[in-house]
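Residue-level listing of the chains:
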Amino acid sequence: YCLVPLLKMWHDSSGNASYRCSMSSSADFSDEDDFSQKSGSASPAPGDTLPWNLPKHERSKRKIHGGSVLDPAERAVLRIADERDKVQKKTFTKWINQHLMKVRKHVNDLYEDLRDGHNLISLLEVLSGDTLPREKGRMRFHRLQNVQIALDYLKRRQVKLVNIRNDDITDGNPKLTLGLIWTIILHFQISDIHVTGESEDMSAKERLLLWTQQATEGYAGIRCENFTTCWRDGKLFNAIIHKYRPDLIDMNTVAVQSNLANLEHAFYVAEKIGVIRLLDPEDVDVSSPDEKSVITYVSSLYDAFPKVPEGGEGISANDVEVKWIEYQNMVNYLIQWIRHHVTTMSERTFPNNPVELKALYNQYLQFKETEIPPKEAEKSKIKRLYKLLEIWIEFGRIKLLQGYHPNDIEKEWGKLIIAMLEREKALRPEVERLEMLQQIANRVQRDSVICEDKLMLARNALQADSKRLESGVQFQNEAEIAGYILECENLLRQHVIDVQILIDGKYYQADQLVQRVAKLRDEIMALRNECSSVYSKGRLLTTEQTKLMISGITQSLNSGFAQTLNPNLSSGLTQSLTPSLTPSSVTSGLVPNFSSGVETNSLQTLKLMQIRKPLLKSSLLDQNLTEEEVNMKFVQDLLNWVDEMQVQLDRTEWGSDLPSVESHLENHKNVHRAIEEFESSLKEAKISEVCEFKI
C-alpha cells in the first residue's frame, strides 16, 4: 500500500510509460513515500522492482529473457492495492450518495457516474451550499468543461490538487477519481474536526485520532493508536457509540464477541442513530484495514454525535447524566412550588378581621414582589439548561419524560399567574369592604363614647334637679337634660343602621357593638323614665297642656307624620324617638337588611315592619298613680307611638322589583290598620280631656 505510486494507464504505443501521482497533496495526509528512483542500490526499497519503477533497459531485459513483467511479490503488492481500491470505492460511493440523496441523485459506479461532471458539481453544491454553473451538452467537450468547473471551484476554496486533470475524471481513471473524492472528503468533512486539547500544528487526522482517544478513555483493554489495525476487532467502534449512547451498547457482550459480530453490531447501531453504513464487517476484519475508509467512517461518527460548541456552552458526554438529574430536580421542585401556591391562591376563605385581612393582603403583595422574581429567574435557568440538553434529547441519549418540557412548566406557571390575579381581584374588594366596616365600627365606638358622656351629664343634671325638688327649689336643668336625651337618641338611630350593616357584613365585632348599642338604649330609656318621674312630681299636667298634647297627636296623624310635634310640649315632656333596640330586634327587621345582594348604601326595608300597639289607659290604673299622672303617661305613650311610626314611615321606600313592592304594600296596609286602631286610643284621650275640663 505504502510502496506503490498510483498508476495512470499505459497509453503510449512506443512503450514509454508515463504516469502521474494520483494522491491528493493535502498536508494532513502527506504520509506517502517518496518514489524517486534509487538506482545503484544493492537492495532496492520495496516497490522499486515494479516494472514502472525500473529503468527502461531493465524492463527490456525482462522481456528479452521471456520472463514475466511482474514477479510474484509484485503481483501480491498489486493485489493488496486492488483490494484497498475496492474498499475505498465502495466507501466513497456510499459517502457520496448520502449527500446526493438530498438532491435526489444517486451514483452506482463511482468511476463511470462522475465522468460527465454533473454528479461532481451536485456533490460540491450540496457540501458547500453554493450554486455552480454547468454545461448541459452530452459531448466530451461538455463533460470536460463540467469537470473543470468542479476542479476550479475546489482551487478557489484553497483545496490543493496535485496532478489531477479534467480528462482523468472524464476518462474514468480509477486511481485519480479515488484521489479526487478523498481530497473532497478531507476538505469538507475531516478538516473541520476540532477537539478539546488540540494544538495548532495538529493535522485533521491527528485531531480525529485525539477525539477517538478521548472518547474511549477509561475503557479497559481498548486503545486507539492508528486508523488501521486498532479497529479490526470492532471494540473501538462499540466503545465510541457506548460513550454517547450507553443504552444501545453492552460492553460486556462486546468483550466476548468475535470481530465480525462486534463490527456488525456497531455498524447496525450506528445506522439506527443516523450514521450511514459506509463499511461492512468484512472490509475491516482484515490484517490491515484501509485507513482512508476507516477515517471516513469515524469522521461520520464524529459528525453524528453531539459536541460542545467551540467557544460556547455545551454538555460533554461525560456530564450528560449529571446535568439531566440536575434538570429533573429543578423541574420537580419548581412544579411542586407552583402547584402548592396555586392551591393557596385559590383559597377564598378570608378572615373577617380587617387587621388579619390586611396582613393577608400584604402577604400576597410581598409574595408577588419578593418570591415571584427569583422563581422566574429559576425558570429561565431551567430553559437554558434544557437548551444545552436538547441536543442529547434529540440524539436519543436522554428520554424526555412527559411534563418536563419547558412548555409544560410555562403552562403551570400560567396557572399560577391566573390564580394570583383572581386572588388579588377577590382580596382587594374584600379589604376595601372590611376597611369600610372598620370605619363604621369606629364611628359607632366613637359616638357611643359621646353618647355615654352626654348621658352622664344628663344624670348629673337630673340629680341636681332632684335635690332641688326635695329642697323645694324650682328645678333648672329640664331643658338641658331633654337636649342631651335628644342628641343621644339621634346618635342611637344612626347606631341602629350602622350595626345592621356590620351584622350583614359579618363584621367580627358586630355582636359586641350590638350589645353596647342595646345598653345605651336601655340607659336612655331608664334616664327618660327617671326624668318623667322626677319632673312629674314637680309639676301637674294642666288642662291646657293636655289639650295641646291631644291636639298635637291629631295634627300629626292628619299630616301623615310629616312634621314633629309642637315644640311647646318639649319643655314639659321628654320625647322618645327611638324604637326598642335589642340584639334580636336588630336582626328581625327594625333596621334595614343589606344581605343577599342588596347594596349596603341602600336603606331598603324588605321585611314587614314591626308595629307596636300603644298602651291602653286601663293598663296604667293599677300602678298607684294619681289620675293626673295616669293621663300624662297615657298621652306621653301616644306621642311616643306617633314618633315611632313617623320614623318607620320615613324609612319606607317604593321598592325596586315586584317582591319588594308587594312587601311595602303590605307594610302600608299594616300601618293603615294600626292608625285606625289608634283612633280608639285617641278617643279615650279626648274623653279624659273632657273629664279633666269638667273637673
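In this text the structure is predicted, and so the values were computed from the model without any measurement.

Trainee: Hey, could you run me through the environment of Leu151 in this one?
Mentor: Examined against the element boundaries, Leu151 turns out to sit in helix H5 (residues 140-156). Each C-alpha atom of the pair Leu151 and Ile164 lies 8.7 Å from the other, and the pair is 13 residues apart in sequence.

Trainee: How should the pattern of salt bridges be read in this particular structure?
Mentor: When the charged atoms of two side chains with opposite charge come close together, those side chains can pair. Across all of its chains, the model carries 37 salt bridges by this definition. The partner of Arg140 in a salt bridge is Asp171, with the nearest N and O atoms 2.9 Å apart. Taken as a pair, Arg140 in helix H5 and Asp171 in the loop between helix H6 (166-170) and helix H7 (174-190) lie far apart in primary sequence, 31 residues in all. Given the relative accessible area of 42%, Arg140 is considered partly exposed. Taking relative accessible area as the criterion, Asp171 reaches 45% and is therefore assigned partly exposed. A salt bridge links Asp167 to Arg165, with the shortest nitrogen-to-oxygen separation between them at 3.0 Å. One salt-bridge network, in which partners are shared between bridges, spans Lys90, Lys94, Asp280 and Asp283.

Trainee: Honestly, H5 in this entry has me stumped. Any pointers?
Mentor: For an α-helix, the turn length of 3.6 residues means that residues three or four places apart are oriented alike. Between the first and last C-alpha of H5 there are 24 Å, a value that for 17 residues agrees with the 24 Å anticipated at 1.5 Å per step. Taken residue by residue, H5 has His142, Leu144, Asn146, Val147, Ile149, Ala150, Leu151, Tyr153 and Leu154 as its buried positions. Those residues of H5 that are buried lie in contact with helix H4 (118-128), H6 and H7. Within two residues after H5, Gln158 carries a phi angle of roughly 65°, on the positive side.

Trainee: Whenever I open this one, the side chain of Gln328 confuses me. Can you help?
Mentor: In this fold, Gln328 is placed in helix H14 (residues 320-345). Classification of Gln328 as buried rests on a relative accessible area of 17%. If we skip the residues at most four places from it in the chain, Gln328 touches Leu401 and Tyr404.

Procedures and definitions
- Residues numbered from 1 in each chain as written.
- Predicted model: local features only at pLDDT ≥ 70, side-chain atom pairs only at ≥ 80, totals over all residues.
- Heavy atoms only, no water.
- Helix = DSSP H or I, 4+ residues; strand = E, 2+ residues; numbered from the N terminus.
- Salt bridge = Lys/Arg side-chain N within 4 Å of Asp/Glu carboxyl O.
- Buried < 20%, exposed > 50% of the residue type's maximum accessible area, 1.4 Å probe, protein only.
- Expected span 1.5 Å × (residues − 1).
- Contact = heavy atoms within 4.5 Å.

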